[in-house]
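# What the coordinates show
Now for the letters of each chain:
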Amino acid sequence: MDTEASTTPWTASPSRALATEAVHAGRDDLASLGLHAPPLDLSTTYPSYDSRGEAERIDAFAATGARPEGPPVYARLDNPTTGRFETALARLEGTDSAVAFASGMAALTAVLLARASVGLRHVVAVRPLYGCSDHLLGAGLLGTEVTWTDPAGIADAIRPDTGLVMVETPANPTLAEVDIRAVAHACGSVPLLVDNTFATPVLQRPVEHGARIVLHSATKYLGGHGDVMGGVVACDEEFAATLRQVRFATGGVLHPLAGYLLLRGLSTLPVRVRAASQSAAELAGRLTADPRIARVHYPRVGGAMLSFEVYGDPHRVIASVRLITPAVSLGSVDSLIQHPASISHRIVAEGDRRASGVSDRLLRMSVGLEDVEDLWADLCQALSGPSALPPRTTAAPVRESRPVGL
Ligand SMILES: *Cc1c(COP(=O)(O)O)cnc(C)c1O
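- Naming follows an unreviewed UniProt entry, where the chain appears as homocysteine desulfhydrase of Streptomyces fulvorobeus.
- The record in UniProt for the chain states the following under Sequence similarities (unreviewed entry): "Belongs to the trans-sulfuration enzymes family."
- Among the UniProt annotations of the chain, the heading Cofactor (unreviewed entry) holds the following wording: "pyridoxal 5'-phosphate".

Take a look at the structure:
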């Protein structure tokens with residue numbers, strides 16, 4: 001691996017930088033088509049008078065999983081608009097290929113099914129993960145078996161039937177960071193999946209550090225406007241081919257309109273992520289100095305996500321914000337805040353949740369593009385109120401006020 005990767009400027013090709021790829025990748029043919037905006041192809045089927053030709057295309061897809069040449073026969077095989085988004089995301093992550101799905105969870109499901117299909121059902125994973133990823137691995141819904149470990153325990157946790165090692169960095173919701181290079185080394189020949197939803201390729205490209213598979217909830221920063229749900233896996237072409245076959249057989253396809261919106265979202269990704277990260281770093285600094293805050297979590301890699309533990313009642317803060325929207329999800333142009341123990345990580349068993357650092361006093365904030373002073377003013381008014389300051393001795397535990405269940 002290139003040991004300079006984290007300090008040298010990013011290039012997807014010898015000549016094009018990330019910001020350039022963000023607005024041009026997946027669109028290279030448009031001028032030759034006489035178009036400026038990408039076309040949106042909503043077809044579910046593709047007419048052909050040549051059944052023998054169609055048979056050959058279906059056989060080729062079944063044999064190789066490569067994207068079909070020419071019209072894709074049926075929309076579950078491929079879609080040209082979604083294909084543009086896949087091409088662009090692969091360029092940004094520095095991978096051969098990318099395969100898009102209906103949601104981040106559909107993308108993770110396809111990865112697990114692809115590994116299970118070759119008999120490798122065991123997954124080694126590091127907590128915390130996004131709540132539903134934790135649930136999908138732990139509940140055995142897909143017949144996978146998981147061993148939870150810390151990064152130092154990965155090598156020992158790997159078995160002959162281990163098909164995947166999974167980490168999230170920075171992790172949802174604690175922003176805990178994993179040294180991708182060290183973990184990739186510990187994986188040996190087992191593929192390492194990094195959920196890169198929080199950092200995005202603007203701040204971190206996991207394959208440069210040895211990861212083989214990069215997962216995104218495209219619903220978050222890639223879309224960036226809170227109006228499109230999708231997921232995507234960036235990886236080598238060999239694994240992408242298997243993922244396309246799984247997608248074809250199981251049907252978790254991205255809608256072409258979502259593909260269109262995600263391609264559009266990528267064009268502003270670098271600008272959005274950098275601007276929001278600047279505000280998030282500023283807010284993290286101010287919160288760290290604030291006596292109402294017990295602890296602030298902000299990752300070294302930066303980014304627009306931060307979380308913090310309050311001395312007072314976290315539910316009161318959620319009830320008191322006015323500019324910041326109290327809602328789950330993240331990565332939109334506007335700021336969101338939520339209480340992970342009640343919402344995003346509710347589905348993780350209480351003991352596991354707490355052991356992985358998701359305190360009942362933790363609030364997670366997705367910083368948007370509002371003026372930082374307006375965000376600070378809203379946070380300040382929401383944080384002020386009864387029992388906002390630390391008691392003189394140690395903080396009393398927060399009583400859970402919500403019933404069990406999601
Ligand atoms: C939201 C999220 C997911 C799941 O993605 P969906 O698009 O909601 O299915 C996975 N990983 C992380 C880190 C997330 O934040």
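### Describing the packing of helix H10 (residues 256-288) against helix H13 (residues 372-383)
- It is at 10 Å that the axes of H10 and H13 come closest, and there the two elements cross at 35°. Where H10 crosses over H13, the handedness of that crossing is right-handed. Seen from H10, the contacting residues are Ser279, Glu282, Leu283, Arg286 and Leu287; seen from H13, they are Val372, Glu373, Leu375, Trp376, Leu379 and Leu383.
- Split by residue class, the contact of H10 with H13 holds seven nonpolar, one polar and three charged.

### Observations regarding the site of the ligand
- Of all residues adjacent to the ligand, which total 14 residues, the nearest are Met105, Asp195, Ser217, Thr219 and Lys220.
- Residue Met105 places a main-chain N or O atom 2.9 Å away from an oxygen atom belonging to the ligand.
- In the model, an oxygen atom of the ligand is placed 2.7 Å from a nitrogen or oxygen of the Lys220 side chain.
- Out of a free accessible area of 380 Å², the ligand has 95% covered by protein chains.
- Here the residues of the shell around the ligand sort into four nonpolar, seven polar and three charged.

### Observations regarding a nonpolar patch on the surface
- On the surface, a cluster of nonpolar side chains totalling about 250 Å² of accessible area is made up of Leu40, Leu42 and Leu257.
- Looking at the secondary structure, you find Leu40 in the loop between helix H1 (18-24) and helix H2 (51-64).
- The exposure class assigned to Leu40 is partly exposed, which follows from its relative accessible area of 35%.

Analysis parameters
- Residues numbered from 1 in each chain as written.
- Predicted model: local features only at pLDDT ≥ 70, side-chain atom pairs only at ≥ 80, totals over all residues.
- Heavy atoms only, no water.
- UniProt positions renumbered as here; feature names shortened; annotations may be inferred.
- Axes fitted to C-alpha atoms, helices over the stretch in contact; angles between N-to-C directions.
- Helix = DSSP H or I, 4+ residues; strand = E, 2+ residues; numbered from the N terminus.
- Left-handed = near helix turned anticlockwise from the far one by under 90°.
- Contact = heavy atoms within 4.5 Å.
- Nonpolar A, V, L, I, M, F, W, Y, C, P; charged D, E, K, R; others polar.
- Near = heavy atom within 4 Å.
- Polar contact = N/O pair within 3.5 Å; in protein donor to acceptor, adjacent residues only side chain to side chain.
- Areas by Shrake-Rupley, 256 points an atom, 1.4 Å probe, with all protein chains shown as cover.
- Patch = residues over 30% accessible without salt bridge, like charges linked within 9 Å, V, L, I, M, F, W, Y side chains within 5 Å.
- Salt bridge = Lys/Arg side-chain N within 4 Å of Asp/Glu carboxyl O.
- Buried < 20%, exposed > 50% of the residue type's maximum accessible area, 1.4 Å probe, protein only.

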